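# Structural description and commentary
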Amino acid sequence: MAKHRKSSSTTHASTPALAQLEQAHIAYQLHEYEHDSEHMHDGYGLEAAAKLGIDPHRVCKTLMADLGGELVTAVVPVSGHLDMKALAHACGAKKAHLAEAQQAMRETGYVVGGISPLGHRSPHRTVLDAQAAQYPTILVSGGKRGTSIELAPQDLVRVLQADIAPIATW
């Protein structure tokens, strides 16, 4: 069962992601579900989509990529895959590769399966997939497993000063 909560000045953020949204006065809905590590063959994002009953094209995963010395955050629908060539092109880099899980956790302060594009320990350039940006709202990780944040993609772009580019494939 999902819990829904809109941000307000009386809300106490439980993760850095929620704190960043509240500090920026961005409206969001919080969705929580019971994470089940026994059935992770499809991945964390698809688990969230199924348990929340939301179209997997609207639920996004957060991935960290290395552009050859610069880490970048990519936000793509869980129904697709990150296209490394497209990400490198969008960032003006020659190539990109997925950052190691340990590096992503160290840079963001989150655990795999709970990495949010928001509230990182240090800011990173962020690219949101163009198809995800077309929906009125999308869901991203709230900063811990079993927690998702629903917000307008334009608000995510604004608070992160993110770029929008076609970086996902299906």
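Presented here is an overview of the structure given in this document. (Residues numbered from 1 in each chain as written. Predicted model: local features only at pLDDT ≥ 70, side-chain atom pairs only at ≥ 80, totals over all residues. Heavy atoms only, no water.)

## Some thoughts on the sheet that holds strand β8 (residues 147–151)
Ordered by their spatial adjacency, three strands build an open sheet running β1-β8-β7, and the pairing between neighbours is antiparallel. Each edge of the sheet is formed by a strand with only one pairing partner; in this case those strands are β1 (29–32) and β7 (138–141). For this sheet, the mean inter-axis angle between neighbouring strands, taken without regard to orientation, is 30°. Pairing geometry for β7 and β8, over four bridges, is antiparallel. Within β8, the position partnered with I138 by the bridge is L151. (Pairing = 2+ DSSP bridges. Helix = DSSP H or I, 4+ residues; strand = E, 2+ residues; numbered from the N terminus. Axes fitted to C-alpha atoms, helices over the stretch in contact; angles between N-to-C directions.)

## Some words on the nonpolar core
Across soluble globular proteins, nonpolar side chains have a tendency to be buried as a group. Core analysis: the largest hydrophobic core is formed by 27 residues, its most contacted members being L21, L118, L128, V140, I149, L151 and L156. Here the element with the most residues in this core is helix α5 (residues 153–160); it accounts for four residues. Discounting residues that sit within four places of it in the chain, L151 has contacts with L21, I26, A27, Y28, P136, T137, I138, V140 and L156. (Core = buried A, V, L, I, M, F, W, Y, C linked by side-chain atoms within 4.5 Å. Buried < 20%, exposed > 50% of the residue type's maximum accessible area, 1.4 Å probe, protein only. Contact = heavy atoms within 4.5 Å.)

## Comments concerning the sheet that holds strand β6 (residues 125–129)
Spatially, the five strands line up as an open sheet ordered β5-β2-β3-β6-β9, and their pairing is mixed. Only two strands of the sheet have a single partner each, and these edge strands are β5 (97–98) and β9 (163–165).

## Quick word on the pattern of salt bridges
Counted according to the given criterion, the structure contains four salt bridges. With its nearest N and O atoms 3.4 Å apart, the salt bridge here joins R125 to D163. With R125 in strand β6 and D163 in strand β9, this pair connects stretches of sequence that are 38 residues apart. In this structure, the salt-bridge partner of D155 is R158, at a minimum N-O distance of 2.6 Å. (Salt bridge = Lys/Arg side-chain N within 4 Å of Asp/Glu carboxyl O.)

## Brief notes about the environment of A104
Mapped onto the elements, A104 comes out in helix α4 (residues 101–108). Measuring from C-alpha to C-alpha, the distance between A104 and A19 comes to 20 Å, with 85 residues separating the pair along the chain. Beyond its immediate sequence surroundings of up to four residues, A104 is in contact with M64, G109 and I115.

## Quick word on the side chain of T147
In this structure, T147 sits in strand β8. On the accessibility criterion, T147 (4% relative accessible area) is buried. Non-local contacts of T147, meaning those with residues more than four positions away in its chain, are made with L30, H31, E32, Y33, V140, S141 and G142.

## Comments concerning the pairing of strand β2 (residues 60–66)
Among the seven residues that make up β2, five are buried, leaving the element largely enclosed by the rest of the structure. Bridge count for β2 against strand β3 (residues 71–77) is seven bridges, and the pairing is antiparallel. Bridge assignment links D66 to a residue of β3, and that residue is L71. Linking β2 to β3, which pair antiparallel, is a turn of four residues; within it G68 sits at a positive phi near 95°. Sheet analysis places β2 next to β5, joined by two bridges and oriented antiparallel.

## What to know about unusual backbone geometry
The general pattern is negative phi for most residues beyond glycine and trans for most peptide bonds. Phi is positive for H25, which is not a glycine, with a value near 60°. Along the chain, the position of H25 falls in the loop between α1 (16–23) and β1. For H25, a relative accessible area of 73% translates into the label exposed. Although it is not a glycine, Q161 sits at a positive phi angle of roughly 50°. Relative to the helices and strands, Q161 resides in the loop between α5 and β9. What makes Q161 exposed here is its relative accessible area of 71%.

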